[in-house]
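Chain residues, written in single-letter form:
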Amino acid sequence: MADSRVDLVETLRGRVLRGLQAATLHVGDRLPSARDLAQEFGVDHRLVLAAYKTLVSEGLVELRPRGGIYVAAQPAGADGVPPLPESWFAEVLAQGLTREIPGPEVHEWLRRCTETLRLRALVVASTTDQGYGLCRELRDDFGLEAEAVLADELRQMAEPPLALRRAELIVTTEAHGAWVRPLGVALRKATTVIEVRPDLVGGEWALLLRRPVYAVVATPEFGEMLRDFFKDVPGVENLRTLVVGVDDLGAIPEDAPTYVTQRARARLGDIPIRGRILPAARTIATDSARAIFEFIVRANVEALRTRG
């Protein structure tokens, strides 16, 4: 039950924060009721209500007696800083004390556990769009140097490429996990097979697809991957994929929500794109992110002990 509540809190928190960032939610908007979400997630409505109350304590939502649940958080400012979880920060510092780490030293130990080594990752991806996107996440969210290689190309290589030989971590998706894991073992490389955030389907994209949404991609294959991923979401017929260099990007209406992949943006350079550009979404699920951070911390701690 405790694990289910934690999962619900993370899912609902992410929906609110990303909805604010993507402008699909605004301060004062009414959120789904606890009973509606209980039906969606297949859990007791009291569990959903408890999760909502956690978000109330974080200042993200407001529970109005007999009036429903509403967005209370302000969106990120011009500097990109989201609503800060003060209670969570305080809890981290308090937990540090139980491990004999004074509050003022916590940030320094976190820095050492993530920045002592400059770690490299190789992404094994199905398409260039997917590879570029995962590399961006690994760089921005985890501080890893990341390069990508297409799975089909890697399987045809007689020798491991330089990027693979240099990497400390191999990251791939479930589509390639069955053969990439043994490859990592053979090369003595840590390997993480990531899962995609399941709430992408039922979260902000479920709201976005109530109206036409445009996805600008670099390859037709990634456009097909998007359609397949959202195939069970009501409104998937509103997903319009446009391939750079093939389709007319001028067809995008000025106010239409528009998602642009990292690879597509790189190909376009400074060429402006019409529409309301959506922020890049995090796709790596929480458990997969935890596995990556565990690798990063373990590698850095080992380095600290060796140098010590």
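Let me begin by describing the structure that accompanies this report.

Rules and cut-offs
One numbering rule holds for all chains: residues counted from 1, following each sequence as written. Under the rules for a predicted model, residues below a pLDDT of 70 receive no local features and side-chain atom pairs below 80 are neither given nor counted, while totals for whole chains, interfaces and linings still include all residues. The basis for every side-chain value is the complete set of non-hydrogen atoms in the structure, without hydrogens or water. Grid spacing is 1 Å over the protein atoms alone, the probe is 1.4 Å, and a cavity is where that probe fits but cannot get out, while a pocket is an open set with protein on both sides within 12 Å along at least five of seven lines and lining residues have an atom within 4 Å of a point. Grid points are joined across faces, edges and corners, and a volume is the space filled by probe spheres set on the points. Secondary structure follows DSSP: runs of H or I at least 4 residues long count as helices, runs of E at least 2 residues long count as strands, and numbering of each begins at the N terminus. Note on residue classes: Ala, Val, Leu, Ile, Met, Phe, Trp, Tyr, Cys and Pro are nonpolar, Asp, Glu, Lys and Arg are charged, and everything else, Gly too, is polar. To get an axis, a line is fitted to the C-alpha atoms, and for a helix only the part in contact is used. The angle between two axes follows their N-to-C directions and goes from 0 to 180 degrees. For classification purposes, an angle smaller than 35 degrees is called roughly parallel, one larger than 145 roughly antiparallel, one from 65 to 115 roughly perpendicular, and anything else oblique. Take the far helix as the reference: if the near one is turned anticlockwise from it by less than a right angle, the crossing is left-handed, and if turned clockwise, right-handed. Contact definition: two residues touch when any of their heavy atoms are within 4.5 Å. Stacked, edge-to-face and tilted labels apply to pairs of Phe, Tyr and Trp rings (six-membered ring for Trp) whose centres lie within 6.5 Å, assigned for plane angles under 30 degrees, over 60, and everything in between, in that order. Relative accessibility decides the category of a residue: with a 1.4 Å probe and only protein chains considered, values under 20% of the type maximum give buried, values over 50% give exposed, and everything between is partly exposed. Only when the NZ of Lys or the CZ of Arg is both within 6 Å of the ring centre and within 35 degrees of the ring normal is a charge said to sit over the ring. A helix is expected to reach a length of 1.5 Å times the quantity of its residues less one. One speaks of a salt bridge when a side-chain nitrogen belonging to Lys or Arg is within 4 Å of a carboxyl oxygen belonging to Asp or Glu. Note that patches include only residues with greater than 30% relative accessible area and no salt bridge, and the join distances are 9 Å for like charges and 5 Å for nonpolar side chains (Val, Leu, Ile, Met, Phe, Trp, Tyr). Note on areas: Shrake-Rupley, 1.4 Å probe, and residue coverage restricted to the protein chains presented here. When DSSP finds two or more bridges between two strands, those strands count as paired.

### Concerning the layout of surface pockets
Each pocket or cavity is described by its volume, and for the second largest pocket that value is around 670 Å³. Broken down by secondary-structure element, the contributors of at least two residues to the lining of the second largest pocket are helix 6 (128-142), helix 12 (220-229) and strand 9 (257-260). Considering each element in turn, the lining of the second largest pocket owes the most residues, six residues, to helix 6. Class assignment for the residues of the lining of the second largest pocket results in 16 nonpolar, seven polar and five charged.

### So, the packing of helix 6 against helix 14 (residues 286-307)
Two elements in contact, helix 6 and helix 14, have axes separated by 12 Å at closest approach and are oriented at 60°. Classified by the angle their axes make, helix 6 and helix 14 are oblique. For the pair helix 6 and helix 14, the crossing hand works out as right-handed. Of the residues in helix 14, those in contact with Leu-138, Asp-141 and Phe-142 of helix 6 are Ala-289, Ile-292, Phe-293 and Ile-296. Class assignment of the residues belonging to the contact of helix 6 with helix 14 gives a composition of six nonpolar, no polar and one charged.

### Examining the packing of aromatic side chains
Across all of its chains, the model carries three aromatic pairs by this definition. With a centroid separation of 5.3 Å and 50° between ring planes, the pair formed by Trp-88 and Phe-89 is classed as tilted. Since its relative accessible area comes to 37%, Phe-89 is described here as partly exposed. A ring pair is formed by Phe-142 and Phe-293, whose centres lie 4.6 Å apart and whose planes are at 40°; its orientation type is tilted. Taken together, the residues Phe-142 in helix 6 and Phe-293 in helix 14 connect sequence positions 151 residues apart. In this structure, Arg-112 is placed above the aromatic ring of Trp-109, and the distance from its NZ or CZ to the ring centre is 4.8 Å.

### Topic: the environment of Thr-286
The topology assignment puts Thr-286 in helix 14. For the pair Thr-286 and Asp-7, spaced 279 residues apart in sequence, the C-alpha to C-alpha distance is 9.1 Å.

### So, helix 6
Taking 1.5 Å per residue as the helical rise, helix 6 with its 15 residues ought to reach 21 Å, and the 20 Å between its terminal C-alpha atoms agrees with that figure. Inspection of helix 6 places Asp-129, Gln-130, Gly-131, Gly-133, Leu-134, Cys-135, Arg-136, Glu-137, Leu-138 and Phe-142 among the buried residues, and these make up the whole buried set. Count one or two residues on from helix 6 and you reach Gly-143, which has phi positive near 75°.

### Structural notes on the pattern of salt bridges
According to the stated counting rule, one finds 13 salt bridges in the structure shown. Two residues, Arg-274 and Glu-254, come together in a salt bridge whose shortest N-O distance is 3.0 Å. Of this pair, Arg-274 sits in the loop between helix 13 (262-268) and strand 10 (276-277) while Glu-254 is found in the loop between strand 8 (239-243) and strand 9, placing the two residues 20 residues apart along the sequence. Three or more residues are tied together by salt bridges with common partners; here these are Glu-108, Arg-111 and Arg-112.

### Some details on a nonpolar patch on the surface
There is a patch of nonpolar side chains on the surface, built from Trp-88, Phe-89 and Val-92 and spanning about 280 Å² of accessible area. In this structure, Phe-89 sits in helix 4 (residues 86-98).

### A few points about the pairing of strand 8
In terms of strand pairing, strand 7 (residues 213-217) meets strand 8 through five bridges, oriented parallel. Following the sheet pairing, Ala-215 is matched in strand 8 by Thr-241.

### Remarks on unusual backbone geometry
For residues that are not glycine, phi is negative in most cases, and the peptide bond is trans in most cases. A positive phi angle is found at Arg-66, which is not glycine, with a value near 60°. Accessibility expressed as a relative area gives 92% for Arg-66, which makes it exposed.

Any functional reading would require information that these geometric values do not contain.
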